[in-house]
Each structure stands twice: as C-alpha cells, then as structure tokens.
Amino acid sequence: MSNYPGLTDRFLKYVKVETRSDENSTTIPSTKSQVEFAKQLAAELKELGLSNVRIHPTNGYVLATLPSNLEAGKSAKKVGFISHMDTADFNAKNVNPQIVDNYDGQSVIKLDEAGEYVLDPAEFPNLKNYQGHTLITTDGTTLLGADDKAGVAEIITAFAYLLKHPEIKHGTLQLGIGPDEEIGTGADHFDVADFDADLAYTVDGGPLGELEYETFNAAQAEISFTGKNVHPGTAKGVMVNASLLAMDFQSRLPQDQVPELTAGREGFFLLLSVEGNVEEAKLTYIIRDHDRQKFEAKKALLNDIVAEMNQELGQKRVRAEVRDQYYNMREVIEKDMTVVDLAKEAMENLDIKPLIFPVRGGTDGSKISFMGLPTPNLFAGGENMHGRYEYVSVQVMEKAVDLIIEIAKLAAK
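Presented here is a report on the structure given in the accompanying data block. (Residues numbered from 1 in each chain as written. Predicted model: local features only at pLDDT ≥ 70, side-chain atom pairs only at ≥ 80, totals over all residues. Heavy atoms only, no water.)

## A look at the sheet that holds strand S2 (residues 62-66)
One key point about sheets: their strands pair by backbone hydrogen bonds, in either a parallel or an antiparallel sense. Taken in spatial order, the seven strands line up as S1-S2-S8-S3-S9-S15-S10 in an open sheet, and their pairing is mixed. Strands at the two margins of the open sheet, each flanked by one partner only, are strand S1 (51-55) and strand S10 (211-212). Of the pairings in the sheet, the one linking S2 to strand S8 (residues 173-178) comprises five bridges and is antiparallel in character. For threonine 65, the partnering residue across the bridge sits in S8 and is glutamine 174. Against the sheet, helix H3 (residues 146-164) touches S2, strand S3 (79-84), S8, strand S9 (199-205) and strand S15 (377-379), its axis set at about 145° to S3. Here helix H10 (residues 394-411) sits on the sheet and contacts S3, S8, S9 and S15; the angle it forms with S15, its principal contact strand, is near 135°. (Pairing = 2+ DSSP bridges. Helix = DSSP H or I, 4+ residues; strand = E, 2+ residues; numbered from the N terminus. Contact = heavy atoms within 4.5 Å. Axes fitted to C-alpha atoms, helices over the stretch in contact; angles between N-to-C directions.)

In structure tokens form, the structure reads like this:
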C-alpha cells in the first residue's frame, strides 16, 4: 500500500489541466492557462496549511513555505524544491491518462484502441525496468505532462506529508512552481532573494536515480541573408539569391556536429528552421556544448563564417544575432558540492543508486544556479517526455517523494 495515497490522484488531476507554454507570447506567464493553474495550485497549498502562499507578481511562480519544526535554537539550511507547470510543444488538450497495473515488463502497451500507437519494449527498452510497476501512459493523442507535473505532484505531496507528520524534523522548506520552463524563459526572472533558500533542487528529471548538475551551455542564433531579386531573364551578374546564401552558410558548418551524430559531452549546431526566398532568408540555430571554451568557439565560428561570406560578396549581406540562453550549472556547483552530496546521501539512505551524468539539455536550475542559488536536478520519473509515448511509474514518483522528505531530514541534522 502506498505511503502517499493522494499522489496519483493529484498527478492525474494536474495533467488533465492544459498548461502548454507559448514561445511567441510576450506575457509572463506566456499563456492564460498557466495563470489559472497557478491560482488553483495556490488555493490547494493554502488549504493544505502551508505558509506564505503567493503567486509572484512579476515572474508567475507559485511560492509557499513549510516552516521549520526544529526545537528553538537549532538551525538548518533552508532547502527549496522547484518544478514547472507548463508542458512542451505537443498537443496537451484533453489529456486522458491510461493506467496499466502491475506491468509485466515485456508486453506491448496499446495507447489507443486501434493500436496505432503502442509502447513496445523493443522500441523503448526502458520499459523492461518497470516489471511490477503501475504505469501511467497517454491515450496516444496527447503528451502526458509528467514533465513536469510529476515534479509538481511530488513536491506538494511531500510537503503535505510533512505537515501531517510533525514527528519528522526538518528546517525551513521552500516550494516554487514556475511557468514557461519548456520555452526557456521561466527562470529568467526568478527571485532568489524572495525564494529565501540556501540550496535548492529542481524535481524535473527522468528515471529513478537521476541526479544532474552538469548541463549544456546554450545559445540561439538567427542568421539573416539579404539578396537581390531581379527578373531571372536578365539576372546574370546582378541577382543575389538569399536562399542560396543560406545553403552556402549551412554547408560551411561542421557537418558532424549535429544532434543525430553526437552523444555524451559532444556539442552540436541544430538547424531549427529555414525560411527563405530570393530576396531574403533566415536560418535559426541552437548551439550546445558542455565545455564553455568549445561553446564560445562554436559561437565564434558562426561569426567567422558571416565575416568570410560578406568579404567574398563584397557587401554586408549576411548578419548574425546570437543570444546566450543558459550556462552549464557545474561551473557554479562544483565550487561547493554540498547540495549534490546531500542528495547522494539521501538516495543512498533510500537504496536508490545515484545516476550522475551530463545532461544533454538544461533545466531552470541552470539559470538559478548562476543567480547564486545552487540548484541541481532530481528525478521525477517521466520517460519519453514531450510526446505521445510519455509515461511515468507511480512507484518511481513515490520514490521521488521519499527523496524530497529524506533530503529535508538530512538538511536538518
């Protein structure tokens, strides 16, 4: 029997609320659905009895405090737990979760009645790790939203459990649930002083045991090309085709430094979109690398190609706009590994094997760590995130709750 009987129901309730973020929006949060969900969460937190429940007026975070229950005169580090309410760029309306009890670890799971979409261990071998687990899947038409409503449910469930069990001693704990993580802007305005924690964790990882404190350095680049369009019958020596300039630019990048040919700590250029005609064209890239020097070299290469092409053309027809997005949190965290060591000890106490490896992505903790609050990432349980094949194990979600509680206990010793 579960130690957290409300966890599954809480998760199922959350995922049925559509909270997809919108990268084209100029508001914070980016969608009204997130604003409404934040209000629902705040009301729930107040009903549970948490203190200082509020929605931050400028960044949209839902915030709350679980006060210390230590005896007078004893202090402990203030620990924060952070998740995000938005879901990724995939259909998130009318999420209809399916529950698979006591999964055998080898059967094919039909997501829709017709069997057009299935979870097959031959294609998704991690399913073999879940023999005997209760799995929550999609119905094949939407994503699930375990990224990161699993984290939201786990943090709130842990805080609710601690409220009901005052015999478990802990210091001050802070809760933060933010918007717009999936579009990379959610933590831009995070208020570290207002959050008031000494160390923190995002609960936004994948399978059991994930503990991540090394992420990509990340940037986005827009390369624009200006052509000259004249009648093709008299174009010789006059026409400049912007689309061909864009193709030329792409051909000058390292062709092996792309996501589909890299792994581990190997960085890449990802061509996200192509727009163009004879008169004008635009290429949009994201640039990723764990190593800061290699990251800077990749950005420099873009600018070098721009300069080279303009020199060859004898005119400034190619322009680059490069914007940094986040940096590798390891630069901050490795200076004081307390926050990682605490999580490792908590996992070991729970017989969870820590899985520590460089993340080929980023979290809100990437930005928050550089704001002065070390914030590595803990597992939340989701697999195959951002699409119709997403699923999560109830047992792993319960382990995430165990971990939050254990970290709270250890931080108070």
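Picking up after the structure, the text goes on.
## A few points about the packing of helix H2 (residues 32-48) against H3
One can describe the packing of H2 onto H3 by two numbers: an axis separation of 10 Å at closest approach and a directional angle of 15°. Judged on the interaxial angle alone, H3 and H2 are roughly parallel. Both H2 and H3 take part in a crossing whose hand is right-handed. Residues Phe37, Leu41, Glu44, Leu45 and Leu48 of H2 touch H3, and the partners they reach there are Lys149, Val152, Ile156, Ala160 and Leu163. Residue classes in the contact of H2 with H3 are distributed as eight nonpolar, no polar and two charged. (Parallel < 35°, antiparallel > 145°, perpendicular 65-115°, else oblique. Left-handed = near helix turned anticlockwise from the far one by under 90°. Nonpolar A, V, L, I, M, F, W, Y, C, P; charged D, E, K, R; others polar.)

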